[in-house]
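One-letter residues, chain by chain:
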Amino acid sequence: MARRQKLIDKVLPWELPKPAAKPTGKVLDPQSDATLPLSNGLSIRRCIGNYTSVDRKLWATLIALAWENLNKKRIHEANLRDIARMFRELKSGDNGIDWLIASARRLERSSLEWEDDEEIGSTVLLAGLKIIKASGKIYYQFSDFLIEEILDNKLFSRLRLHFMIGLNSKYSVSMYMLLARAVNMRRPIIEMTVDELRNALSVPKNTLSLFKHFKERAIEPSISEINDNSLAAGFSVQVEYITAGRKVERVRFTVKKHPILEADDKRIKARVATAKAVADKGKRLPLAAIEKAREAIDSAGLVIPDMNLAEADFLAWAESRPVPIKNIETAFVVFCKKRASTLH
């Protein structure tokens, strides 16, 4: 046991990218609206192997559970019984954990491949796996190359993890991951050739070869699932089929963020503007106050995605009070706890 803990605590050997965004919410609580900021590059790369929609869901869940330790530990741990319970609450799982064990083993045998102007690369989805049958404990590893890709998320899609887990049609998860990256684009349109779309959805060769079948069994069911619950998805989608003669050559997806989320974005932009105005005045909290707040949030099992914004909001609020705050450190800790609680 001590040897295993020593392995779990082992630190990675090189400095990894600092992520531009972090997950939010509690992964194992279906009521918390957990999100995962997955690098756009990972969301569109073709997976090689017998990779199912359940595997995509489990893989995203394991990344989210390991996130805080991705750049610190080699081996991560979770409990498959807890994950199975969460999947079942979202109407997306079977009894027991055998189906999750089978999924984890497929992840270990599946890989991502990519090629661009600069490099050719590949990596397995899980680099190592050990499951304790009696307890359901799972110990798992990601390759260093994959960790680098996950954390380098300057361009990312904020996946709504629980919505994604609840998707049922075979290609909905792949479609959702593909389209989520367009939500915050200035021109939220994704256009692909039919072959490119088949690759992005990881449709096996010699499957749905006729476009009519591809449309009816892959494209339309996926889009319907997203549009039927666009608030939970975060967006809705329109599809156009571009033809050359009678043949469909390309498929164009136009993504529209849900109006409620648009309103939330406007409020956030207003808060950022206020925060910037306070920062421009050169006001900052003592470093001790920020560290104390971080420790309090961590010990409570909570998360604040952007501590800089929390600091600026607190300073703006403190500045607006008619009576000065006596204990700035304690007040900031209370402020951060309240904010983190609302996010969970």
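On a predicted model such as this, the values are computed, not experimentally measured, just so you know.

Participant: Just to check I follow, could you spell out the packing of helix 4 (residues 80-89) against helix 5 (residues 98-109) for this structure?
Facilitator: The description of two helices packed together rests on the angle between their axes and the distance between the axes. Interhelical geometry of helix 4 versus helix 5 gives an angle of 105° and a closest axis separation of 10 Å. Compared by their axis directions, helix 4 and helix 5 come out roughly perpendicular. Along its contact with helix 4, which presents Leu80, Ile83, Ala84, Phe87 and Arg88, the element helix 5 presents Trp99, Leu100 and Ile101. Residues of the contact of helix 4 with helix 5, tallied by class, amount to 7 nonpolar, no polar and 1 charged.

Participant: Can you help me understand the nonpolar core in this one?
Facilitator: Nonpolar side chains tend toward joint burial in soluble globular proteins. In this structure, Phe142, Leu179 and Phe214 are the most contacted members of the largest nonpolar core, which totals 77 residues. Apart from residues lying up to four places away in sequence, Phe142 is in contact with Trp59, Leu62, Ile63, Ala66, Leu70, His76, Leu125, Leu126, Ala127 and Ile147.

Participant: Help me understand the sheet that holds strand 6 (residues 128-131) in this model?
Facilitator: In any sheet, the strands associate via hydrogen bonds between backbone groups, in a parallel or an antiparallel arrangement. Ordered by their spatial adjacency, 3 strands build an open sheet running 3-7-6, and the pairing between neighbours is antiparallel. The strands lining the two open edges of the sheet, one partner per strand, are strand 3 (76-79) and strand 6. For this sheet, the mean angle separating the axes of adjacent strands, direction not counted, is 20°. As paired elements, strand 6 and strand 7 (residues 137-141) share 4 bridges and run antiparallel to each other. Bridge assignment links Lys130 to a residue of strand 7, and that residue is Tyr139.

Participant: What am I meant to see in a positive patch on the surface here?
Facilitator: A surface patch of positive charge is lined by Lys18, Lys22, Lys72 and Arg294. Along the polypeptide, Lys22 turns up in the loop between helix 1 (2-8) and strand 1 (35-39).

Participant: Honestly, a negative patch on the surface in this entry has me stumped. Any pointers?
Facilitator: Together, Glu115, Asp116, Asp117, Glu118, Glu119 and Glu148 make up a negatively charged patch on the protein surface. Taking relative accessible area as the criterion, Glu118 reaches 76% and is therefore assigned exposed.

Participant: Would you mind going over the packing of aromatic side chains with me for this structure?
Facilitator: In this description, a pair of aromatic rings is defined by centroid distance and the angle of the planes. One pass over the full model with this rule turns up 10 aromatic pairs. Plain terms: the ring middles of Phe211 and Phe214 are 6.1 Å apart, the flat faces sit at 75° to each other, and that makes the pair edge-to-face. With Phe211 and Phe214 both in helix 10 (residues 211-228) and 3 residues apart, this pair spans about one turn of that helix. Just as Phe211 is buried, Phe214 falls in that class too. An angle of 45° between the planes, with centres 5.6 Å apart, marks the rings of Phe314 and Trp317 as tilted. Of the two residues, Phe314 and Trp317 are both situated in helix 14 (residues 307-320); the distance of 3 residues between them amounts to about one turn of the helix. Using a relative accessible area of 0% as the deciding quantity, one classes Phe314 as buried. Assessed through its relative accessible area of 37%, Trp317 is described here as partly exposed.

Participant: Whenever I open this one, the pattern of salt bridges confuses me. Can you help?
Facilitator: A side chain of one charge can pair with a side chain of the opposite charge if their charged atoms are brought near each other. The final tally for this structure, using the stated rule, is 12 salt bridges. For Lys137, the salt bridge identified is with Glu77, shortest N-O distance 3.3 Å. Within this pair, whereas Lys137 is found in strand 7, its partner Glu77 is found in strand 3, the two being separated by 60 residues in sequence. Classification of Glu77 by relative accessible area gives partly exposed; the value is 35%.

Participant: Help me understand the environment of Asn184 in this model?
Facilitator: With respect to the secondary-structure elements, Asn184 resides in the loop between helix 8 (172-180) and strand 9 (189-193). For Asn184, a relative accessible area of 62% corresponds to the exposed category. Sequence-wise, Asn184 and Phe156 are 28 residues apart; in three dimensions their C-alpha atoms are separated by 9.6 Å. At 2.6 Å, the side chain of Asn184 forms a polar contact with the side chain of Lys257.

Reading the values: rules and limits
Residues numbered from 1 in each chain as written. Predicted model: local features only at pLDDT ≥ 70, side-chain atom pairs only at ≥ 80, totals over all residues. Heavy atoms only, no water. Axes fitted to C-alpha atoms, helices over the stretch in contact; angles between N-to-C directions. Helix = DSSP H or I, 4+ residues; strand = E, 2+ residues; numbered from the N terminus. Parallel < 35°, antiparallel > 145°, perpendicular 65-115°, else oblique. Contact = heavy atoms within 4.5 Å. Nonpolar A, V, L, I, M, F, W, Y, C, P; charged D, E, K, R; others polar. Core = buried A, V, L, I, M, F, W, Y, C linked by side-chain atoms within 4.5 Å. Buried < 20%, exposed > 50% of the residue type's maximum accessible area, 1.4 Å probe, protein only. Pairing = 2+ DSSP bridges. Patch = residues over 30% accessible without salt bridge, like charges linked within 9 Å, V, L, I, M, F, W, Y side chains within 5 Å. Areas by Shrake-Rupley, 256 points an atom, 1.4 Å probe, with all protein chains shown as cover. Salt bridge = Lys/Arg side-chain N within 4 Å of Asp/Glu carboxyl O. Lys, Arg positive; Asp, Glu negative; His and termini not counted. Charge placed at Lys NZ, Arg CZ, Asp CG, Glu CD. Phe/Tyr/Trp six-rings, centres within 6.5 Å; stacked < 30°, edge-to-face > 60°. Polar contact = N/O pair within 3.5 Å; in protein donor to acceptor, adjacent residues only side chain to side chain.

Just geometry here; none of it tells us what the structure is for.
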